[in-house]
Amino acid sequence: MNKGTLLIIAKQFCLGVFKSKTIYLLILTLLVLLVIAARSGVDYYDQNHYRIDHQQMARESWENNPDKHPHRMAHFGTFAFRLKHPLSIFDFGVESFTGNAVFLEAHKQNVVNFSEASFSTGLLRFGELSMAMVLQTLLPLVIFFIGYSAIVADRENGTLKILLTQGAKWEEILFGRALGLASIALVFWLPFLITICLIFFTEEHVAHDDWVRLGVITITYTIFCFILSFITIYISLKSASSKNALVKLLGLWLLMVILVPKTSQAIGAYVYATPSKLEFRAAIEQDVLKFGDSHDPNDPHFSALKDSVLKANHVKTVEELPFNYGGFVMGQGEKISADIYSKHHKSLLNQYRRQNQLTQWFSIINPFLALKNLSMSLSGTDFESYVHFQQQAEDYRYQLAQKMNALQMKYIRSKSTDTEKGTIVSRDQWKAFSDFQYTKLSTTEALSNVNVSIVSILGWLLLSITLLVYGAKKATAI
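Residues numbered from 1 in each chain as written. Predicted model: local features only at pLDDT ≥ 70, side-chain atom pairs only at ≥ 80, totals over all residues. Heavy atoms only, no water.

Chemist: What is the right way to read the overall build of the protein from this model?
Modeler: In terms of regular secondary structure, the protein is built from 17 helices and three strands. The C-alpha radius of gyration computed for the protein amounts to 30 Å, which surpasses the reference 23 Å derived for 478 residues by more than 25%, pointing to a less compact arrangement than a globule. Overall, the C-alpha framework of the protein stretches about 105 × 45 × 40 Å when taken along its three principal axes. For the protein, the proportion of its 478 residues judged to be buried stands at 48%. In the protein, 82% of the contacts between residues at least 6 apart in sequence involve partners at least 24 apart. By element, 62% of the accessible surface of the protein is carried by carbon and sulfur atoms, the whole surface being about 23900 Å². A distance of 10 Å separates the average location of the 45 positive side-chain charges in the protein from that of its 39 negative side-chain charges. (Helix = DSSP H or I, 4+ residues; strand = E, 2+ residues; numbered from the N terminus. Rg over C-alpha atoms; globule rule 2.2 N^0.38 Å. Buried < 20%, exposed > 50% of the residue type's maximum accessible area, 1.4 Å probe, protein only. Contact = heavy atoms within 4.5 Å. Areas by Shrake-Rupley, 256 points an atom, 1.4 Å probe, with all protein chains shown as cover. Lys, Arg positive; Asp, Glu negative; His and termini not counted. Charge placed at Lys NZ, Arg CZ, Asp CG, Glu CD.)

So, in C-alpha cells, the structure goes:
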C-alpha cells in the first residue's frame, strides 16, 4: 500500500465533502448542541460548590454540639455529600438517578437521597443532553450520512474504474476513504475536546489523574470514530446502490444505539431480578429481629450477652463493671445490624453487578455499548463509582456510631443520673472525630471495572480493519 496515494485519496475525499454546504450545516448543528451540552455540564458540575458548602455546614453543626451523652450524638448524626467528578461535565452517566447525599446515624443505614430525577419531571426519562450523549448517538449518524456513498457512488457514476486504471489499488482506495471519513469525524470531536480542556483549565479541583482519564477518553472516542468509518466504507463497498447503503447504515445505528442496549437491560433485569426497596428493608428488619433489640433490657439475646459479660468480669451487676455496659451493648447491637445490612446489601449489589456484567458482555457485539461503559466509568458517573461512595459513607457511619459507643463505655458512669457530670462527654470529642472525606476511584480501578469493554473496543478496531482488508481482496469495480 502506497502511503502517498493513500493520503491523496483521503485528502480528495475530505475536499469533496467540504465542497457541499450540507457539511457546514451539520457542523453548525453539532456546535449548537455542544454549547448547550457544555453549559448543562458546567451547571451540573457547579453543584459541587453547594455540596462542599453543605458538607462544611454539617461539620460545623456536628462540632458545635455542647457537652452531651455520646449516644445522643450518635443519633444526632451527620451528612455525607458526594462530590461530582470533574469529567461529569462530559458524561452525566447514571448520576441523575442516584443520590448524592446521605444522613449518617446510629443503628440505621439510610439510602442516598436528593437525585436529580427526584427533583425533575418525567422529561428526564427522555435523557439528558450531555457532550457524551451527542458524540455517542449523533456522531455515528453524521459519519454514516457523510460516508454511505463513499464507494458505491463512485461505482454508480463510473469514477471508480478511472481510479483503478490510474494505478490506485483497492486497499489504497478503501483505507484512503476511511481515513478521510475518520478525519472529518475527528473534526466534529475536536471542539468537544477543546471545550473540556478549557473548562479543566478554569477549574481548581482538577487533578493529574483527571487529565489521564481525559486522555484515555480521547483515545477511546478516536478509536470509535475509526471503527465507524471503516464499517461505513465496507458497507458502502458491499452495497448495490447508495440508497441501499444508507438503509443498511441506518439499520445498524438503530441496532447499536437503541435495540441492543435496551434489550440487554431488559434481559439483565429479567434474569437477575432484584427486590423492591420495601422488600429489601423488610428482609433486613426480619434478620435484625432474629438477634434481638439492643435497646430492650429484657431481650433474650442481649440478656444472655449480659450474663456472659458479668461472668467474664467476675461481677454480679452491670454497675460493677469497669466500663459502661450500655455503651458495650450498643456497640454489639451496631455490629450485628451492620453485618446484617452488609450481607443483604452485598447480595443486592451482586445482582446489579450481574445485570451490568450482562450489558458488558453485550458490548462484545456492540461497540456503542463498550464506548458508553468506558465513558461513564472514566467520567466517574457509572454504577461502581456510586457504590464506591455508598460504601465509604457506610464505613464512616459505622466508625462514628462505634466511636460514640466507645466514648460511652469509657466516660459514662454506670450509676450516674442525668444531673451528674458522668452522664456527658466533652464537646472536644466531637471535634476530635474526623470529618467525612470522599475518595474517588483511581483511573486503574475505573478501567478494571470495564475490562470487557476495553477488549471489545480493541477487538472491533481489529475486526473493522480486517473487514476492509477482506473487502479489498474481493472488491470489483462493477
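Structure's up, so let's keep going.
Chemist: Explain the environment of Ala245 to me, please; I cannot follow it from the model alone.
Modeler: Tracing the chain through its elements places Ala245 in helix α9 (residues 242–271). On a C-alpha basis, the gap between Ala245 and Ala150 in space is 9.9 Å, while along the polypeptide they are 95 residues apart. In contact with Ala245, not counting residues within four places along its chain, are Tyr148, Val152, Ile235, Ser236 and Ser239.

Chemist: What exactly am I supposed to notice about helix α11 (residues 300–312) here?
Modeler: Three- or four-residue spacings in an α-helix give side chains the same orientation, since the helix completes a turn every 3.6 residues. The end-to-end C-alpha distance of α11, which contains 13 residues, comes to 18 Å, matching closely the 18 Å that a straight helix rising 1.5 Å per residue would cover. Among the residues of α11, Phe302, Leu305, Val309 and Leu310 are the ones counted as buried. Take α11 and look down its axis: the buried residues cluster within an arc of 135°, on one side only. Of the residues in α11, the exposed ones pointing more than 90 degrees away from the buried face are Pro300 and Lys311. After α11 finishes, the residue His314 shows a positive phi value of roughly 60°. (Expected span 1.5 Å × (residues − 1). Arc of directions from axis to C-beta.)

Chemist: Would you take a moment to explain empty space enclosed by the protein for this structure?
Modeler: To find leftover empty space, a probe the size of one water molecule is rolled over the atoms. If you walk through the whole model with that rule in mind, you get three cavities of 30 Å³ or more. Reported here for the largest cavity is a volume of approximately 90 Å³. In this structure, the largest cavity is lined by Val102, Leu104, Gln109, Asn110, Val112, Tyr341, Gln390, Ala393, Glu394 and Arg397. Among the elements that line the lining of the largest cavity, the one with the most residues is helix α14 (residues 383–411), at four residues. (1 Å grid on protein atoms, 1.4 Å probe; cavity = no way out; pocket = protein on both sides within 12 Å on 5 of 7 lines; lining within 4 Å. Points joined across faces, edges and corners; volume = space filled by probe spheres on them.)

Chemist: For this particular structure, what's the right way to read the packing of helix α13 (residues 367–378) against helix α17 (residues 451–474)?
Modeler: Helix-helix packing is described using two parameters, namely the angle between the two axes and the distance between the axes. Here α13 crosses α17 at 135°, and the two axes come no closer than 9 Å. Relative to α17, the element α13 lies oblique. Note on packing geometry: the crossing formed by α13 with α17 is left-handed. Within the contact between the two elements, α13 uses Pro367, Ala370, Leu371, Asn373 and Leu374 and α17 uses Ser453, Ile454, Ser456, Ile457 and Trp460. Partitioning the contact of α13 with α17 into residue classes produces seven nonpolar, three polar and no charged. (Axes fitted to C-alpha atoms, helices over the stretch in contact; angles between N-to-C directions. Parallel < 35°, antiparallel > 145°, perpendicular 65-115°, else oblique. Left-handed = near helix turned anticlockwise from the far one by under 90°. Nonpolar A, V, L, I, M, F, W, Y, C, P; charged D, E, K, R; others polar.)

Chemist: Please explain the pairing of strand β2 (residues 101–105) as it appears in this structure.
Modeler: Looking along a regular strand, one sees the side chains alternate between the two faces of the sheet. Of all the five residues making up β2, four are buried; the element is thus mostly covered by neighbouring parts of the structure. Alignment of strand β1 (residues 78–81) against β2, held across four bridges, turns out to be antiparallel. Along β2, the bridge assignment pairs Ala80 with Val102. Here two bridges tie β2 to strand β3 (residues 108–109), and the two strands are oriented antiparallel to one another. (Pairing = 2+ DSSP bridges.)

Chemist: Explanation requested: the nonpolar core in the structure shown.
Modeler: Buried together is how nonpolar side chains tend to be arranged in soluble globular proteins. Ranked by size, the top nonpolar core spans 73 residues in total, and within it Phe90 and Ile146 carry the most contacts. Residue contributions to this core peak at 15 residues, all from helix α7 (residues 170–202). Residue contacts for Phe90: discarding those within four places in its chain leaves Ser130, Met131, Ala132, Leu135, Trp189, Ile196, Ile217, Tyr221, Ser375 and Ser379. Of all hydrophobic cores here, the second largest spans 25 residues; its members include Phe389, Ala393, Ala401 and Tyr438. (Core = buried A, V, L, I, M, F, W, Y, C linked by side-chain atoms within 4.5 Å.)

Chemist: It is not clear to me how the environment of Gly471 should be interpreted in this structure. Could you clarify?
Modeler: For Gly471, the position within the fold is in helix α17. Separated by 35 residues in the primary sequence, Gly471 and Phe436 have C-alpha atoms spaced 58 Å apart. The residues contacting Gly471, other than those within four sequence positions of it, are Leu174, Tyr234 and Leu237.

Chemist: Got a minute to help me understand the side chain of Ser242 in this structure?
Modeler: Following the sequence through the fold, Ser242 ends up in helix α9. Classification of Ser242 as buried rests on a relative accessible area of 14%. When neighbours within four sequence positions are excluded, Ser242 is seen to be in contact with Tyr148, Ser149, Val152, Ala153 and Glu156.

Chemist: What's the story with the packing of aromatic side chains in this structure? I'm lost.
Modeler: The description of two aromatic rings rests on the distance between their centres and on the angle between their planes. If you walk through the whole model with that rule in mind, you get 19 aromatic pairs. Pairing Phe175 with Phe230 gives two aromatic rings, centres 5.9 Å apart and planes at 70°, and the pair type is edge-to-face. Of this pair, Phe175 sits in helix α7 while Phe230 is found in helix α8 (residues 208–238), placing the two residues 55 residues apart along the sequence. Classification of Phe175 by relative accessible area gives buried; the value is 13%. Given the relative accessible area of 7%, Phe230 is considered buried. With 5.3 Å between their ring centres and 20° between their planes, Trp189 and Tyr221 make a pair best called stacked. Residue Trp189 is found in helix α7, and its partner Tyr221 is found in helix α8; the two are separated by 32 residues along the sequence. Each of the two residues, Trp189 as well as Tyr221, counts as buried. Taken together through their ring pairs, the aromatic side chains of Phe389, Tyr396, Phe433, Phe436 and Tyr438 make up a single cluster. (Phe/Tyr/Trp six-rings, centres within 6.5 Å; stacked < 30°, edge-to-face > 60°.)

Chemist: What am I meant to see in the sheet that holds β2 here?
Modeler: Within a sheet, neighbouring strands are paired by backbone hydrogen bonds and run either parallel or antiparallel to one another. Taken together, three strands build an open sheet; the order of strands is β1-β2-β3 and the sheet is antiparallel. The open sheet has two edge strands, β1 and β3, and neither has a second partner.

Chemist: Hey, could you run me through the packing of α8 against α13 in this one?
Modeler: Direction vectors running N to C along α8 and α13 enclose 170°, while the axes themselves pass 10 Å from each other. One finds that α8 runs roughly antiparallel with respect to α13. Across the interface between the two elements, Arg213, Val216, Ile217, Thr220, Tyr221 and Phe224 of α8 pack against Pro367, Phe368, Leu371, Leu374, Ser375, Ser377 and Leu378 of α13. The class makeup of the residues in the contact of α8 with α13 is nine nonpolar, three polar and one charged.

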